[in-house]
Amino acid sequence: MILVKNVRFFYDGTKIRENVGVLIDEEDNVTLETDKTDIVIDGSGKILMPAFFNAHTHLPMIIMRGNHEDQYFHDWLAGVWRVEEKLTPEIVYHASVVSIAENMRGGVTSAISMYFFYEETARAVEEFELPYYVGPVFVDDHKMGDRVSSAERFFKESWDHVIPTIFSHAPYTCSPETLETVAELKEKYNVPHQIHVSETREEVVDIKRKYGLYPAEYVDKHVPLDEKTTLVHGGWLTKGELDLIARKGAALVHCPVSNAKLATHGFFPWREAQERKIRILLGTDSQVSNNTQDMFMEMRMAALAAKDRYWDATVAPVSEVLSAARGPGWMLVDVSGLRFFPATRKNVLANLVFNGHSDLVTHVILNGRVRYPFDEKIEKRIERSKEFLLNALTTLYPD
Ligand SMILES: [Zn+2]
């Protein structure tokens, strides 16, 4: 058990307690004011708040950060695919290690990561002992037989921490047959499903022309949407699709930085989703379409983009943005610096949304254990992986 002393404590909606002692048990339940504990952390000048859930990323793409800038979406994608052809399982493992470290360091205790060589990411996730959603990704190709058998192997394995998940890449890369295969596996192993949907206008036009359906309808026809489904991007969804998503209980993952950076335009339907009580989650997407895994920056962008696009400053209020980012466990954020001055109970949450930063996270607690700062063993593992990746970089980007 961990006792955080003298801390400002944010725990639910907009409730804040000042200068309290908070005890965190093995299941991350909290109680106030007690001295029965093993570890004591001084929380002076800090806020104790829920850690983050990064609902969409591609962890291993950290290796490509900053190397695919200022390009049109399809040129960008083609450039990324060219580098991906050179990736090996070993690179993906080490990239996963460093990328998980980056997420953890910024307060992310759980994430959904879509990428190939997923067994390698799963290995890294197990080493960090984190509840990350990882698993097979389906796209149209000639290797479907292999893909299905390795997916089944993965789902049959018993994982201590990984939450096995099935991914379809997107409507424009998955035929009805591919999606039917995903549906069968999803049903058989009762796993969550994630897919990119309605990211660009071109996708909507193509899918409608080809199948007579909008992208979310097309997905639902072949892999029925449900509470375990997360649809990523959704910048071009119609009201009919939003009604469908609400009826089925699926969640929308908003990646505002990635959408802005790749200029996919669109309009994330924050207000319409809230009206229909659709769960909104936030995701950073990969470091290639974002450059960071910083959920504070994602919250800021989500709030700003919604207000700007709707011409309405009341859309995406602080409380909704904070709850869209909420994950398991707790984190301590240093709010004593000038950037938060004057930090009071009244303004601190707004300042976290609009002016927070991952570098201000001092501690991350999950399952009643301090996970960040990293222990020596994890620290060594991260350093080894960084070194490996720096060497690999010369083969991925020779010039
Ligand atoms: Zn993505």
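Residues numbered from 1 in each chain as written. Predicted model: local features only at pLDDT ≥ 70, side-chain atom pairs only at ≥ 80, totals over all residues.

Caption draft 1: Representation of the pairing of strand E11 (residues 193-197) within the structure. The buried fraction of E11 is high, at five of five residues. By the alternation rule, side chains of E11 split into His-193, Ile-195 and Val-197 and Gln-194 and His-196, which are all buried. Strand direction decides the pairing type here: strand E10 (residues 166-168) and E11, joined by three bridges, are parallel. Bridge pairing links Ser-168 to Ile-195 in E11. Chirality of the crossover, the property in question, places the unit of E10, helix H5 (residues 176-189) and E11 among those that are right-handed. Two elements, E11 and strand E12 (residues 229-233), share five bridges in a ladder whose sense is parallel. Directly across from Gln-194, in E12, lies its bridge partner Thr-230. (Buried ≥ 20, exposed ≤ 12 C-beta atoms within 10 Å, placed from the backbone. Helix = DSSP H or I, 4+ residues; strand = E, 2+ residues; numbered from the N terminus. Pairing = 2+ DSSP bridges. Right-handed = clockwise from strand over helix to strand, strands pointing away.)

Caption draft 2: Seen up close, helix H7 (residues 215-222). Residues of H7 that are buried include every one of Pro-215, Ala-216, Tyr-218, Val-219 and Asp-220, and no others. For H7, the elements touching its buried residues are H5, E11, helix H6 (201-211), E12 and helix H8 (239-248). (Contact = placed C-beta atoms within 7 Å.)

Caption draft 3: Inspection of unusual backbone geometry at higher detail. With omega at -10°, the peptide bond leading from Phe-341 into Pro-342 counts as cis. Of note, Pro-342 is situated in the loop between strand E15 (326-334) and helix H13 (348-355). With an omega of 0°, the peptide bond between Tyr-372 and Pro-373 qualifies as cis. Mapped onto the secondary structure, Pro-373 falls in the loop between strand E17 (369-372) and helix H14 (376-396). The phi dihedral of His-233 falls on the positive side, at around 90°, and the residue is not glycine. Examined against the element boundaries, His-233 turns out to sit in strand E12. In this model, Lys-277 sits at a positive phi of 60°, which is unusual for a non-glycine residue. Mapping Lys-277 onto the fold places it in the loop between helix H10 (270-275) and strand E14 (280-282).

Caption draft 4: Structural detail: the environment of Tyr-310. Tracing the sequence through the fold places Tyr-310 in helix H11 (residues 295-310). Spatially, the C-alpha atoms of Tyr-310 and Val-191 are 36 Å apart, while their sequence positions differ by 119 residues. Tyr-310 has contacts with Arg-271 and Val-315, leaving out every residue within four places of it along the chain.

Caption draft 5: Examining the pairing of strand E2 (residues 15-24) more closely. Bridging between strand E1 (residues 2-12) and E2 involves seven bridges; their strand directions are antiparallel. Its bridge partner being in E2, Phe-10 is matched across the sheet by Ile-16. Between E1 and E2, which follow one another and run antiparallel, lie two residues, and Gly-13 among them has a positive phi close to 60°. Of the pairings in the sheet, the one linking E2 to strand E3 (residues 30-32) comprises three bridges and is antiparallel in character. The partner of Ile-24 across the bridge, within E3, is Val-30.

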